[in-house]
Structures are given as C-alpha cells and as structure tokens.
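Next come the chains, spelled out residue by residue.
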Amino acid sequence: MSSVLVAWILRAIPFGTIIMFGALGEILTEKSGNLNLGVPGIMYLGGFGGFASAYLYEKSTENPNAAVCVLLALFFAILASVIGGLIYSFLTVTLRANQNVTGLALTTFGMGVANFFGVYLLNGASYTAAPVTYATFSKKIPHLSSMGWAGKVFFGYGILVYVAIAAAIILHYVMYHTRVGLNLRAVGENPATADAAGINVNKYKYLATCIGAGISGIGGLYYVLDYNQGIWATTDQIEALGWLALALVIFTTWKPLNAIWGAYLFGMLYWLYQFMPGLMGINVPGYITDLIQMVPYVVTMIVLIVVSFRKKKENQPPASLGLSYFREER
C-alpha cells in the first residue's frame, strides 16, 4: 500500500475518533429529544478536566503511576462533562429554557472555564504537559502495530480509538435491542405518549443528556492527552471539532454505527489537502486549504437535503427534538 495513503489513514483515524466521541454523545442526547448545541463546550470541559487532573498528579508525584494517571484523567474528564450536561438538563428540562440558546451558552461557558483555568491554575504556562499520561493513552498494541502497513492501519493507535468503536456498537445495541432504548426513542418521538405509558420522561432526558455529555467529553480528553501529545496548548481546535461532531450527527442520520465510518470519512476529507500532492500530484495553494477543510460540512448539507427529499422516517431526527415538554399540556 502507498506510504502516502497509509500516512493519510493514520492522520484521519485519530482525528475522526475525536469527533466520533462527540457525535456519539450527541446522538444519545438527541434521541431523548434534547438538542444540545453545547458539545464544543462540553468537549472543552472534558479535555480540561482530564488534563488538569493528570497534570497536577504528575507534577506532585515523583514517580507517577501510569494506571492512576489514566483513571484520574478519565474520571475527571467524565465528571466535568457530566456537570456540563447536568447544567444543560436543569435549564432545559426542569426550567424549560430554550434549548438552542442554552446549548450555545454552554459552549461559551465551557470554553471560557477551560481556558481560564488552563491559563491561571496551571501556573500561567503556555506549554504544560502530562507526558506519562500521554505515553499511556497513546501506547499502541504491542507486536501487532509493527506488522507492516496492515499493522499500522489497524493497530497503530491508542486505546481510546478502540473504545470509541466499542462505544458505538454498545450504543447501537442499547438503542435498538433493549427496552431502555425503546423507551428512550419513545421519549424523543412523542414525550406525551411516553408519559401516558408510564415512562418517566424527565428521568430519560436527564440521563441521556448527562451520559451523552460524558461520552462527548472523552473526545476532548482524547484530543488533549493523545492527539495533542498531552499538551495544554493549541486547544482552540476543540471548538471546531465540536461543531464537526454536531455535523456528523446529521450525516449519520442519528445512527451510532454510521458514526464509525462517518467519522473516519470526515477525517479523510478534512486532511485531504495535505496528502493531495503525494496521491494526485496536485499542489494545493494555501488559500485553498480552508475550502478543502470545509468539505465535511458540505457533504453533511448534501446528506441533509437528500434525506429531506426521501422522507424516510428512520432517517429523520426525533419528532420532538429541540422542543420542551410541558406535561400539563398533554
């Protein structure tokens, strides 16, 4: 296989994994009828929570334990993200605030909190790192990853790449093969009918949103502690990746399994400009780069148009998506 093609895949899959986590969390959230546009902010919270805990532990310990680094990072990344999801749920489910405005506010809030503490809590340094945690998260599968191009393509990644794939499969099973998933989809389609059938609508909305936020937050953790080599710097890209994750939700037509290949396709398209000279012999001018990186969004819009024309029920968003549920009006 061409070395350029292998390099392209090796760049696209880690990139796609970040947005896959964000998209999976949002798919779960939207299946309950909640439209959370705060995914970028939640990913920021997850990235900062995971990084700060690992960084402070490594800094305060002479010989930090790799397992403790990983467990601390995962716990605090999920905790910070779930808190973001809880804030969103309280405002939109309990107080019935506008979901669009709340989500956008959560994005600003998450970015602001992460950047504030990222600068001041971590001694104001622009270059702070958690090397032990990075080495553990990015560790490749021994022996298999060194078996030629196939080993690199299939086994040359950190553990969270495979966790993301497993999460997509598990989420698909829960949604479409369990009673919990059936109840969740019923809440998203018609909360009044679900309520009349004895399903606790608020409980499902809270749980789906908070668990979904926790999954999305792992995407931020993966960005900082693996993709960005464990460095709290140049994290501005998390916001763009959060919006790309929201686009991926639409692209996948709210199906978790589609998020696997969809995320990798987005990664391939996003980095196309960098590998076009080697693959096609085309040199891309600098001013064209942004246009090429826009391709995933263009593809999403095309999919949205096609789905709208086909009008298949299984490819449509949940009927109550973005709408507050007023029980007294049912």
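Structure's up top.
Described in the following lines is the structure provided in the data block. Residue positions are counted from 1 within each chain, in the order its sequence is given. The predicted origin of the model limits local features to residues at a pLDDT of at least 70 and limits the giving and counting of side-chain atom pairs to 80 or more, whereas totals for whole chains, interfaces and linings rest on all residues. Side-chain measures here rest on the full set of heavy atoms in the structure, leaving out hydrogens and waters.

## So, the packing of aromatic side chains
Aromatic rings from Phe, Tyr and Trp, taking only the six-membered ring of Trp, are treated as a pair when their centres fall within 6.5 Å; an angle between ring planes under 30 degrees marks them as stacked, one over 60 as edge-to-face, and anything in between as tilted. Tallied over the entire structure, the rule returns 13 aromatic pairs. Arranged with centres 5.9 Å apart and planes meeting at 85°, the rings of Phe-15 and Trp-271 form a pair that is edge-to-face. Of this pair, Phe-15 sits in helix H1 (residues 3-31) while Trp-271 is found in the loop between helix H12 (258-270) and helix H13 (272-280), placing the two residues 256 residues apart along the sequence. One aromatic cluster is present, built from ring pairs that chain together Phe-48, Phe-51, Tyr-55, Phe-116, Phe-117 and Trp-232. In our convention, an over-ring charge means Lys NZ or Arg CZ found within 6 Å of a ring centre and within 35 degrees of that ring's normal. Seen from the ring of Trp-271, Arg-11 lies directly overhead, with NZ or CZ sitting 4.7 Å from the centre. Strands are runs of DSSP state E lasting at least 2 residues, helices are runs of H or I lasting at least 4, and numbering of each runs from the N terminus.

## Some words on unusual backbone geometry
Phi is positive for Gln-229, which is not a glycine, with a value near 60°. Structurally, the position occupied by Gln-229 is in the loop between helix H10 (201-227) and helix H11 (237-251). You can call Gln-229 partly exposed: its relative accessible area is 46%. Positioned with a positive phi, Trp-254 is a non-glycine residue whose angle comes to about 60°. Here Trp-254 shows up in the loop between H11 and H12. The cut-offs for exposure are 20% and 50% of the maximum accessible area for each residue type, with area from a 1.4 Å probe on protein chains only; residues under the lower value are buried, those over the upper are exposed, and the others partly exposed.

## Some words on the side chain of Asn-34
With respect to the helices, strands and loops of the structure, Asn-34 is situated in the loop between H1 and helix H2 (39-60). Here a polar contact means two N or O atoms within 3.5 Å. Within protein one must be a hydrogen donor candidate and the other an acceptor candidate, and residues neighboring in sequence count only if both atoms are side-chain atoms. A polar contact of 2.8 Å, which involves the side chain of Asn-34, links it to the side chain of Thr-209. In this analysis, two residues are considered to be in contact whenever any of their non-hydrogen atoms come within 4.5 Å of each other. For Asn-34, the contacting residues outside a window of four places in its chain are Glu-26, Thr-29, Tyr-88, Thr-92, Val-93, Gln-99, Lys-205, Thr-209 and Leu-321.

## Quick notes on the side chain of Gln-99
Turning to its location among the elements, Gln-99 is positioned in helix H4 (residues 99-120). Among the polar contacts listed, one links the side chain of Gln-99 to the side chain of Asn-34, at a separation of 3.5 Å. Among residues more than four places away in sequence, those in contact with Gln-99 are Gly-33, Asn-34, Leu-35, Tyr-88, Thr-92, Gly-322, Leu-323 and Ser-324.

## A few points about the packing of H1 against helix H7 (residues 159-177)
Axes here mean lines fitted to C-alpha atoms, for a helix over just the part in contact, with angles spanning 0 to 180 degrees between N-to-C directions. Interaxial distance between H1 and H7 falls to 9 Å at its minimum, and their mutual angle equals 25°. The angle between H1 and H7 places the two elements in the roughly parallel class. H7 is crossed by H1, and the crossing has left-handed handedness. Along the contact surface, H1 presents Ile-13, Thr-17, Met-20, Phe-21, Leu-24, Ile-27, Leu-28 and Lys-31, while H7 presents Leu-160, Val-161, Val-163, Ala-164, Ile-165, Ala-167, Ala-168, Leu-171, Met-175 and Tyr-176. Three residue categories are used. Nonpolar comprises Ala, Val, Leu, Ile, Met, Phe, Trp, Tyr, Cys and Pro, charged comprises Asp, Glu, Lys and Arg, and polar comprises the others, including Gly. Class assignment of the residues belonging to the contact of H1 with H7 gives a composition of 16 nonpolar, one polar and one charged. Throughout this description, any angle smaller than 35 degrees is read as roughly parallel, any larger than 145 degrees as roughly antiparallel, any in the 65 to 115 degree range as roughly perpendicular, and the remainder as oblique. In this scheme the handedness of a crossing depends on how the near helix is turned from the far one: anticlockwise by less than a right angle means left-handed, clockwise means right-handed.

## Topic: H4
Helix span, as expected, comes to 1.5 Å for every residue beyond the first. Compared with the 32 Å implied by 1.5 Å per residue over 22 residues, the 31 Å span of H4 between its first and last C-alpha is a close match. The set of residues buried in H4 consists of Gln-99, Thr-102, Gly-103, Leu-106, Thr-107, Gly-110, Met-111, Ala-114 and Gly-118. Buried residues along H4 cover an arc of 165° about the axis, so they all sit on one side. Structural note: H4 exposes Val-101, Thr-108 and Tyr-120 on the side pointing more than 90 degrees away from its buried face. Where H4 is buried, its residues touch H2, helix H3 (66-94) and H11. Sitting at the amino-terminal end of H4 is Asn-98, which places a side-chain oxygen 3.0 Å from the backbone nitrogen of Asn-100. As used here, the arc belongs to the directions running from the helix axis to the C-beta atoms.

## Comments concerning the nonpolar core
Ile-19, Met-20, Leu-221 and Leu-225 are the most contacted members of the largest nonpolar core, which totals 79 residues. Ranked by the residues each element gives to this core, the list is headed by H1, at 14 residues. When residues no more than four places from it in sequence are discounted, the contact partners of Ile-19 are Leu-241, Leu-244, Ala-245, Leu-248, Ala-263 and Phe-266. Here the nonpolar core consists of buried residues drawn from Ala, Val, Leu, Ile, Met, Phe, Trp, Tyr and Cys, with membership extended through side-chain atoms lying within 4.5 Å.

## So, H3
Between the first and last C-alpha of H3 there are 41 Å, a value that for 29 residues agrees with the 42 Å anticipated at 1.5 Å per step. Buried within H3 are the following residues: Cys-69, Val-70, Ala-73, Ala-77, Ala-80, Ser-81, Gly-84, Gly-85, Tyr-88, Ser-89, Thr-92 and Val-93. Structurally, H3 contributes buried residues whose contacts are with H2, H4, helix H5 (131-137) and H10. With a side-chain oxygen lying 2.9 Å from the backbone nitrogen of Ala-67, the N-terminal cap of H3 falls on Asn-65. Immediately downstream of H3, the backbone of Arg-96 shows phi near 60°, a positive value.

## Here we look at the environment of Ile-141
Take Ile-141: it is sitting in the loop between H5 and helix H6 (148-155). When its relative accessible area of 28% is taken as the criterion, Ile-141 is described as partly exposed. When neighbours within four sequence positions are excluded, Ile-141 is seen to be in contact with Phe-155, Tyr-157 and Tyr-162.

## A word on the packing of H2 against H4
At their nearest, the axes of H2 and H4 sit 6 Å apart, and the two run at 25° to each other. In terms of axis orientation, H2 runs roughly parallel to H4. Crossing angle aside, the handedness with which H2 passes H4 is left-handed. Touching Val-39, Pro-40, Gly-41, Ile-42, Tyr-44, Leu-45 and Phe-48 of H2 are Leu-106, Thr-107, Gly-110, Met-111, Val-113, Ala-114, Asn-115, Phe-117 and Gly-118, all from H4. Broken down by class, the residue content of the contact of H2 with H4 amounts to eleven nonpolar, five polar and no charged.

Without other data, these values stay purely geometric and don't point to any function.
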